[in-house]
Structure formats: structure tokens, C-alpha cells
Amino acid sequence: MIKKFEVSEIDCAVCAGKIEDAIKKIEGVKNVNLNFIMQTLTVEADEADFNSLINKIIKAGRKIERNFSISEV
């Protein structure tokens, strides 16, 4: 399953890359694309795991950007 999110509180492209790398390491995530310019996050993951992954995605992002948040499009 692929889901797209709007992201907020990412200050630079370098931080966006770090967040993308952190999300890629989460178990169950198959593919990630974080577009800093468009402020969008596309995540491909196993459908059964997706709801539990949202909190892990936010937690991973907040390790890099303290106020990182996502909202489903």
C-alpha cells in the first residue's frame, strides 16, 4: 500500500534527506520519497503494518526535526 502525506516543520533539504533515510530503516517500509520542495512524503509499506508505522514515522522524523509532523492527503 502507498500513502501520501503532507509534511511540516522541515527546515532544509539536508534534514529532509536525513528524515527520509531514517524512515527507510523502519521495518515494514518498502519505499520512501520525501520531497522537500513540495513538502510531501510518499511511503510504501505493508498494508497490515501501516497504521502502526505512522507513529514510528513521526518519531523518526522528530529525532531530526523536533516539530516534524505529517497529515494524510
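Everything discussed here concerns the structure shown above.
Residues numbered from 1 in each chain as written. Predicted model: local features only at pLDDT ≥ 70, side-chain atom pairs only at ≥ 80, totals over all residues. Heavy atoms only, no water.

(A) Examining the nonpolar core more closely. The biggest cluster of nonpolar side chains holds 22 residues, and the ones touching the most others in it are Ile-10, Ile-23, Leu-41, Val-43, Ile-57 and Ile-70. Looking at this core, the elements that each hand over two or more residues are strand 1 (2–8), helix 1 (13–24), strand 2 (29–35), strand 3 (40–45) and helix 2 (50–62). With six residues, the single largest contributor to this core is helix 2. The residues touching Ile-10, leaving out its near neighbours within four places in the chain, are Cys-15, Ala-16, Ile-19, Leu-34, Phe-36, Gln-39, Glu-65 and Phe-68. (Core = buried A, V, L, I, M, F, W, Y, C linked by side-chain atoms within 4.5 Å. Buried < 20%, exposed > 50% of the residue type's maximum accessible area, 1.4 Å probe, protein only. Helix = DSSP H or I, 4+ residues; strand = E, 2+ residues; numbered from the N terminus. Contact = heavy atoms within 4.5 Å.)

(B) Representation of the environment of Ala-60. With respect to the secondary-structure elements, Ala-60 resides in helix 2. A relative accessible area of 12% places Ala-60 in the buried class. Between the C-alpha atom of Ala-60 and that of Ile-19, which follows or precedes it by 41 residues, the distance is 6.9 Å. Apart from the residues within four sequence positions on either side, Ala-60 is in contact with Ala-22 and Ile-26.

(C) Looking closely at unusual backbone geometry. Unusually for a residue other than glycine, Glu-9 sits at a positive phi of about 70 degrees. Turning to its location among the elements, Glu-9 is positioned in the loop between strand 1 and helix 1. Under the relative-accessibility criterion, Glu-9 is labelled partly exposed at 42%. The phi dihedral of Gln-39 falls on the positive side, at around 55 degrees, and the residue is not glycine. Inspection of the secondary structure assignment puts Gln-39 in the loop between strand 2 and strand 3.

(D) The arrangement of the pairing of strand 2 in detail. In the sheet, strand 2 pairs with strand 3 via six bridges, with the strands oriented antiparallel. Paired with Asn-35 across the bridge in strand 3 is Thr-40. Between the end of strand 2 and the start of strand 3, which pair antiparallel, lie four residues, with Gln-39 showing a positive phi angle near 55 degrees. (Pairing = 2+ DSSP bridges.)

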